[in-house]
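# Examining the three-dimensional arrangement
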Amino acid sequence: MEERTGGEPRRPTKAADAPPGPTGPDAGPQHTGPQPHSGPDGRDADSEGLERPLPEKVRRRVVAFTGDALGGLTVAQLPPPLRQYARFTPQRRVKFGGNAMAAALESDAVFRQRIASRLREQLPELAGALDEGAPPPAADPVDVAAVGYVLRPAGWAKLVAAAGEEAQRAQAERAGEEVQRELTRLREELSHARSAARDDAERARRDVEALRKELDGTQRRLRSAQADVRRGEAALRRAQSELEAARSAAGADKAASDSEVRRLKSRLAESESALEAQRRAAREGRSVEDMRVRLLLDTVLDAAQGLRRELALPPSESRPADTVEAVEPGRMSPKDVAARALSATDPALLDQLLALPQAHLVVDGYNVTKTGYPAMPLEKQRLRLLGGLAGLAAQSNAEVTCVFDGAELAAPVLLAPPRGVRVLFSKPGQTADELIRRLVRAEPPGRPVVVVSSDREVADGCAAAGARPVAATLLLKRLART
C-alpha cells in the first residue's frame, strides 16, 4: 500500500477494501485465540461494558499495542478502515490511525481477537495471569488495564476500571509529587529571588549613592566650567575690543603710510622728472643750472631795460649832485606813488604782473573754469579758457601754462594747444595742485611767477615757493575785458 506525500495515506484499492471472507485466499483463521470467556453468572465476557470512558493513558497504551501487533497481520485480516495504515511504521500508525484502531477494537470482535492473539505471543506471562484472574502485583497498572481491555477475560471491566483508578491514583500521586517538587523548587527560586532582590536593592542603593556623589561632582565641575566660560567670554570681549582698537590703529597707520607713500612717490616723480630734464639738457649741451642762470640774467637785463624805460633815464647823464635828496618842482611825491597802487580784484593788477620781464603765468584750469562757467561740459570749459589765455599771451608776451587735473578725464584728451599756451594734465595718482607746485619750484629764484587759483592751499604753497598767487576771479575779469 502506497503512502501520500506529506504523511497522508492513500485510500486502499478496491480489492483491498473487500472484507475478508472465510474462504478467501489471504484469509487466515477467523479465531486464533481462545474462545471468549464466560462470567460467573454465565454471561459472555464480551458483553461486559465500562461504566466510564477508558482512561487516556490506558487508551494510548491499547493503541500502542495495537499498532505494534498490526504489523503481524495481513491486509485481508485487517478491517477496511485500517488497511491504509498496514505499511506504516508503528509510530506513524499510532499517529495517523490511533482513533481508527481504537474504534475497530471496540466494534470488531474478530479484529480484537487477532490483536489479543498477538498480545498473548508478545506478553505471555501477563496474558496468562489475566486469564487466571490474578494480575501480577508488580505489573504496571496501565499495561494490565490495556492488555485486559484487549483480551477481555472474565471481569475485565472491573480490572480495567481498577487499573485505571490505580493509574489515576498513581498519576495523582506523581502529580502531587510533581506539584510538591515544583512548589519546593518555586520556594527555593522565591528565596533565591528575594535574596537576589535584596542584593540588587543593596547594589542599587550603593549605585544610587555613587551616582549621587558623581552627580554632585559633575555639578561642581559644571559650575566651574560655566565660570570658566564666563571668564572666557569676558576675555574674548576684551580681545575683540583690543582687536578693533588694533585694527583702527592699523587703519590709521596704513592711511598715514599710504599718504607718505604718495608723497614719496610724488617726490620720486619730481626727482625723476628733474633727472630726465638734466639728462635732456646734458644731451643738448646745456645744464639746468645754466638754463636757470641764463633765464635769470635775461630777466635782470629785461628788468633793467624796463626800469630805464620806466624812469626815462638818459644813458650817462647822472651826476654826483643828482644823488642829493631834494624836492624839485614837478616831480612825483610819495602820495602820488601811493595813489598808483591797485586793488587785488583790479584786472590791471594782472597786466602789471605780466608786464614784468620774463613773467610766467601758471593757471589752475578747472579752478578757474568751475568758478566762471561751471554749468558747461569739461571739454567746452577747457576750450573757452584756452581761447582766452591765447589772446592774453599774445597781448602780454608772457609765458602761459594751463594745468588741468588728469583725474577728471575718462579717456585721453586729443587737444591742440593754442599758440603761446602750454597745456599740461596731471599724471594718474597726481593732482593738478601738486603739478602746479612742482612747476613753481622748477623756476629759478627771482623770476616773476604768477599763479592763478582760488584754492587757499595752492596759493599758500606757491607763495612759500616765491610765486605771486592771484584769485581766479581776477583772471576771469581780465579775460572778460578783452
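Residues numbered from 1 in each chain as written. Predicted model: local features only at pLDDT ≥ 70, side-chain atom pairs only at ≥ 80, totals over all residues. Heavy atoms only, no water.

Attention now goes to the packing of aromatic side chains. Scanning all chains against the criterion turns up three aromatic pairs. Here a set of aromatic residues connected by ring pairs shows up, and it is made of Tyr366, Phe404 and Phe425. Directly above the aromatic system of Tyr366 lies the positively charged group of Lys370, at a separation of 5.5 Å from the ring centroid. (Phe/Tyr/Trp six-rings, centres within 6.5 Å; stacked < 30°, edge-to-face > 60°. Lys NZ or Arg CZ within 6 Å of the ring centre and 35° of its normal.)

Sheet architecture is open: five strands sit in the order β3-β2-β1-β4-β5, paired in parallel fashion. Of all strands in the sheet, those bounded by a partner on one side alone are β3 (421–425) and β5 (468–470). Taking the axes of each pair of neighbouring strands and ignoring which way they run, one obtains an average angle of 20 degrees across the sheet. Pairing analysis gives three bridges linking strand β4 (residues 449–452) to β5, with the strands arranged parallel. Residue pairing across strands places Val450 opposite Arg468, the latter belonging to β5. Against the sheet, helix α11 (residues 365–372) engages β1 (360–364), β2 (399–404), β3 and β4, with an angle of about 60 degrees to β1. (Pairing = 2+ DSSP bridges. Helix = DSSP H or I, 4+ residues; strand = E, 2+ residues; numbered from the N terminus. Axes fitted to C-alpha atoms, helices over the stretch in contact; angles between N-to-C directions. Contact = heavy atoms within 4.5 Å.)

Interaxial distance between helix α12 (residues 378–396) and helix α15 (residues 472–481) falls to 10 Å at its minimum, and their mutual angle equals 75 degrees. With respect to each other, α12 and α15 are oriented roughly perpendicular. On α15, the residues that touch Leu385, Gly388, Leu389, Leu392 and Gln395 of α12 are Leu475, Arg478 and Leu479. (Parallel < 35°, antiparallel > 145°, perpendicular 65-115°, else oblique.)

What follows deals with the pairing of β1. With five of five residues buried, β1 lies mostly within the body of the structure. By the alternation rule, side chains of β1 split into His360, Val362 and Asp364 and Leu361 and Val363, which are all buried. Here β1 pairs with β2 via five bridges, running parallel. The residue bridging Val363 from the neighbouring strand is Cys402, located in β2. For β1 and β4, the ladder comprises four bridges, and the chain directions are parallel. (Buried < 20%, exposed > 50% of the residue type's maximum accessible area, 1.4 Å probe, protein only.)

Along α11, the positions that sit buried rather than exposed are Gly365, Tyr366, Asn367, Val368 and Thr369. Along its buried surface, α11 packs onto β1, α12, β2, β3, β4 and α15.

Once that is clear, we can look at helix α14 (residues 456–464). In an α-helix, one turn spans 3.6 residues; hence positions three or four apart end up facing the same way. Within α14 the residues assigned to the buried category are Val458, Ala459 and Cys462. With its buried residues spanning 100 degrees around the axis, α14 presents them on a single face. Exposed side of α14, more than 90 degrees from the buried face: Arg456, Glu457 and Ala464 are the residues found there. Turning to α14, the residues buried within the fold contact α13 (432–442), β4 and β5. The backbone nitrogen of Glu457 has a side-chain oxygen 3.1 Å away, supplied by the residue at the start of α14, namely Asp455. Positive backbone phi, at 100 degrees, marks Gly466, one or two positions downstream of α14. (Arc of directions from axis to C-beta. Polar contact = N/O pair within 3.5 Å; in protein donor to acceptor, adjacent residues only side chain to side chain.)

The next thing to look at is the environment of His360. With respect to the element layout, His360 can be found in strand β1. For His360, a relative accessible area of 2% corresponds to the buried category. With sequence-adjacent residues up to four places away left out, His360 is seen in contact with Glu399, Val400, Thr401, Arg422, Glu443, Arg447, Pro448, Val449 and Val450. Here the side chain of His360 touches Thr401 through a polar contact of 2.8 Å, side chain to side chain.

Next up on the list: the confidence of the model for the protein. Of the residues in the protein, 77% reach a pLDDT of 70 or more, and the chain-wide mean stands at 77. Contacts for the low-pLDDT stretch residues 1–45, under 50 throughout, to residues beyond four places or in other chains number 68 contacts. Below a pLDDT of 50 lies the segment residues 332–339, which in the model reaches two contacts outside its immediate sequence neighbourhood of four places, other chains included. (pLDDT = per-residue confidence, 0-100.)

Attention now moves to the nonpolar core. Formed by 35 residues in total, the largest nonpolar core has its most connected members in Val62, Leu70, Leu82, Phe111, Ile115, Leu130 and Val150. Taken together, the elements giving at least two residues each to this core come down to α2 (56–70), α3 (90–107), α4 (109–122), α5 (124–131), α6 (141–151) and α7 (156–283). With eight residues, the single largest contributor to this core is α6. Core analysis: the second largest hydrophobic core is formed by 30 residues, Ala359, Leu389, Ala398 and Val452 among them. (Core = buried A, V, L, I, M, F, W, Y, C linked by side-chain atoms within 4.5 Å.)

Applying the stated criterion across every chain, the model contains 21 salt bridges. In this structure, the salt-bridge partner of Asp200 is Arg203, at a minimum N-O distance of 1.9 Å. Highlighted residues: Asp200 and Arg203, both in helix α7, separated by three residues, approximately one helical turn. Assessed through its relative accessible area of 40%, Arg203 is described here as partly exposed. The residue Arg441 makes a salt bridge to Glu270 at a minimum N-O spacing of 2.4 Å. (Salt bridge = Lys/Arg side-chain N within 4 Å of Asp/Glu carboxyl O.)

So, about the packing of α13 against α14. Contact geometry for α13 and α14: axes closest at 10 Å, N-to-C directions at 15 degrees. Relative to α14, the element α13 is oriented roughly parallel. Of the two possible hands of crossing, α13 and α14 adopt the one that is right-handed. Contact residues: Asp433, Ile436, Arg437 and Val440 in α13; Glu457, Val458 and Cys462 in α14. Split by residue class, the contact of α13 with α14 holds four nonpolar, no polar and three charged. (Left-handed = near helix turned anticlockwise from the far one by under 90°. Nonpolar A, V, L, I, M, F, W, Y, C, P; charged D, E, K, R; others polar.)

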